[in-house]
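Remarks on the overall topology
Chain residues, written in single-letter form:
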Amino acid sequence: MDPVVVLALVAAIVVVFLVASSVRIVPQARRYNVERFGRYRRTLQPGLNLVVPVADRINTKLDVREQVYSSDPRPVITEDNLVVNIDTVLYYQITDPRAAAYEVADYLHAIDQLTVTTLRNVIGSMDLEETLTSREEINSRLRAVLDDATGKWGIRVNRVEIKAIDPPHTIKEAMEKQMRAERDKRAAILHAEGERQAKILTAEGTKQKDILEAQGTQQAMILRADGEAKAVELVFQAVHRNNADPKILAYKYLETLPHLASSDNNTFWVIPGELTEAVRTVTRAFGDQPTAGQHTTAQPDEAAATGTEDLSDDGRTPELGAGWTASLGAAAAADEAGKQAAAAVSDAKAEAEAAKSPQTPRRGQTPDG
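Position numbers for residues start from 1 in each chain and track the written sequence from start to end. With the structure being a predicted model, the display of local features is reserved for residues of pLDDT at least 70 and the display and counting of side-chain atom pairs for 80 or more, all residues being used for whole-chain, interface and lining totals. Excluded from the side-chain calculations are hydrogens and water; all other atoms, namely the structure's heavy atoms, are used.

1. Quick look at the pattern of salt bridges
Definition in use: Counted as salt bridges are all cases of a side-chain nitrogen of Lys or Arg within 4 Å of a carboxyl oxygen of Asp or Glu. In this description a helix means any DSSP run of H or I spanning at least four residues, a strand means any run of E spanning at least two, and both kinds are numbered starting from the N terminus.
Per the counting criterion, the structure on display carries eight salt bridges. Taking the shortest distance from any N to any O, the salt bridge between R159 and E161 comes out at 2.5 Å. One salt bridge in this structure joins E193 and R196, with 3.8 Å as the shortest N-O distance. Here E193 pairs with R196, and both are found in helix 6 (residues 169-242), just three residues apart, close to one helical turn.

2. Remarks on the packing of helix 3 (residues 107-123) against helix 5 (residues 135-150)
This is how the line gets drawn: Every axis corresponds to a line fitted to the C-alpha atoms, with the helix fit spanning only the stretch in contact, and the corresponding angles, defined between N-to-C directions, vary from 0 to 180 degrees. Angular relationships are summarised with four words: roughly parallel below 35 degrees, roughly antiparallel beyond 145, roughly perpendicular across 65 to 115, and oblique for the angles in between. Helix crossings fall into two classes, left-handed where the near helix is turned counterclockwise from the far one by less than a right angle and right-handed where it is turned clockwise. Contacts are residue-level and defined by heavy atoms, with any inter-residue pair within 4.5 Å sufficient.
Viewed as axis vectors pointing N to C, helix 3 and helix 5 meet at an angle of 140°, and their least axial separation amounts to 10 Å. Classified by the interaxial angle, the pair formed by helix 3 and helix 5 is oblique. Considering how the two elements wind past one another, helix 3 and helix 5 form a crossing that is right-handed. Contacts from I111, L114, T115, T118, L119, V122 and I123 in helix 3 reach I138, R141, L142, V145, L146, A149 and T150 in helix 5.

3. A look at a nonpolar patch on the surface
As a reminder, the rule being used: Residues enter patches when they are more than 30% accessible in relative terms and free of salt bridges; like-charged ones are connected within 9 Å and nonpolar ones (Val, Leu, Ile, Met, Phe, Trp, Tyr) within 5 Å. With residues, only the protein chains shown are counted as cover, and all accessible areas are computed by Shrake-Rupley using a 1.4 Å probe. Each residue is placed in one exposure class: buried if its accessible area under a 1.4 Å probe, protein chains only, is under 20% of its type's maximum, exposed if it is over 50%, and partly exposed if it falls in between.
Judged by side-chain polarity, V6, V10, V14, F17, L18 and V54 come together as a nonpolar surface patch covering roughly 540 Å² of accessible area. Mapped onto the secondary structure, F17 falls in helix 1 (residues 3-22). For F17, a relative accessible area of 55% puts it in the exposed group.

4. Points about the environment of A100
Position of A100 relative to the elements: it lies in helix 2 (residues 97-102). By relative accessible area, A100 is classed as buried at 4%. Separated by 52 residues in the primary sequence, A100 and K152 place their C-alpha atoms 8.6 Å from one another. If near-sequence neighbours (up to four positions away) are discounted, A100 is found in contact with L62, I94, Y107 and W153.

5. Some words on the nonpolar core
Note the threshold: For this analysis, a nonpolar core means a set of buried residues of the types Ala, Val, Leu, Ile, Met, Phe, Trp, Tyr and Cys, connected via side-chain atoms within 4.5 Å.
I86, L90, Y107, L119, I138 and I155 are the most contacted members of the largest nonpolar core, which has 28 residues in total. If you list the elements that add at least two residues to this core, you get strand 8 (83-94), helix 3, helix 5 and strand 9 (155-166). Considering every element that reaches this core, the biggest residue donor is helix 3, with six residues. The residues contacting Y107, other than those within four sequence positions of it, are Y92, I94, A100 and I155.

6. Observations concerning unusual backbone geometry
You will see that V54, though not glycine, has its phi angle at about 70°, which is positive. In this fold, V54 is placed in the loop between strand 4 (47-50) and strand 5 (56-63). At N81, a position not held by glycine, the phi torsion is positive, near 60°.

7. Here's the deal with the side chain of T150
Rules: Any pair of nitrogen or oxygen atoms within 3.5 Å is treated as a polar contact; in protein, a donor-acceptor pairing is required on top of that, and neighbouring residues in sequence qualify only through side-chain atoms on both sides.
Mapping T150 onto the fold places it in helix 5. Here L146 takes part through its backbone oxygen, which lies 2.6 Å from a polar atom of the side chain of T150. If we ignore the near neighbours within four places in the chain, the residues touching T150 are I111, I155 and V157.

8. Observations concerning helix 5
Each α-helix winds once per 3.6 residues, and so residues spaced three or four apart point in a common direction. Which entries qualify depends on this criterion: The span one expects for a helix is its residue count, reduced by one, times 1.5 Å. Note: the arc covers the axis-to-C-beta directions of the helix.
Its 16 residues place the ends of helix 5 22 Å apart at the C-alpha level, agreeing with the 22 Å of an ideal helix rising 1.5 Å per residue. Taken residue by residue, helix 5 has I138, N139, L142, L146 and T150 as its buried positions. For helix 5, the arc enclosing every buried residue in end-on projection is 95°, short of the 170-degree limit, so these residues lie on one face. Among the exposed residues of helix 5, those pointing more than 90 degrees away from its buried face are E136 and D148. Against the buried residues of helix 5 lie strand 8, helix 3, helix 4 (128-133) and strand 9.

9. Thoughts on the packing of aromatic side chains
By convention here, two paired aromatic rings are described through the distance between centres and the angle between planes. For the record, the criterion: The aromatic pairing rule takes the rings of Phe, Tyr and Trp, using the six-membered ring of Trp, and pairs them if the centres are within 6.5 Å, calling planes under 30 degrees apart stacked, those over 60 edge-to-face and the rest tilted.
One pass over the full model with this rule turns up two aromatic pairs. Between Y40 and Y102 the ring centres are 5.6 Å apart and the planes differ by 65°, which places this aromatic pair in the edge-to-face class. Here Y40 is found in strand 3 (residues 39-44), whereas its partner Y102 is found in helix 2, with 62 residues between them in sequence. In this structure Y102 comes out as partly exposed when scored by relative accessible area, which is 33%. Where Y92 meets Y107, the ring centres are 6.1 Å apart and the plane angle is 65°; that geometry is what we call edge-to-face. In this pair, Y92 is assigned in strand 8 and Y107 in helix 3, connecting sequence segments 15 residues apart.

As structure tokens, this is what we get:
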């Protein structure tokens, strides 16, 4: 082969190699640190970049996107001497590729160790209860310390989160018992409150029911009284409008007497003093005006009907005789008085018929007169 051709091919290959080695394409969100003869030269940005072949080389390739780093559980002692295992999650981002590559040898290991030491300092000043309820405070204190320490490394810590806090097994059992007791306590309180409210509502309902029943009874009594008043008023007007005769009123009075003792609660019954006058009026109603002798004859019958003596002038009501009180009860006395009143009316009718027929002898007289 011709030496010229060989040299041309070698020269072409060298040119292609130099061109290929001088061109660097950097992806988006990546940063490449370039060293020239072992010294940092520059950081390549995303896109097409040219470097000096042989003299320049890529030392580190870094991802500038926000990244997540989860550490393993680490034992931490609280203020009350309890050992708890805590897992942390770290969100960080590289802001200076040169510092991240040349200021710290392994920034992930450095961040992990700094997180553990800071976490032990923070948790060591808290007891278990405060540790379990103060996650936001722990996160903010961790972030402040890490952000200040990693700033010179070209790394910004955006967020630190505590993923889990695992106390010892015995502490978990004690916490579960305490939680169960608290829940039982709240349940008992809620149950008692429910019963209290139910009793209050029941009492209010009973109160409203009694009030409504009392108001209904009151209205019924008022309406009944109004009805009775109107009935009495109508009867009174009818009596006065028709100019009722006193004899009719006396007869109705005698009809009402047996009802005075109809109630079961009556234990003592007194015959009114007007009974004698009523009997006299009824007697006069069934015949002509009796003579003095006839009137004298009728009085013994009336006295026998009432079972008492005549009324005195002072209007006092005569009481039943001793024989009546001893032998008859209240109801029996009322029935007996009704029977005697009826007998008095029958005698009055017989005397009236005897007065109309002179030839017929009167009751209690002989035919000879």
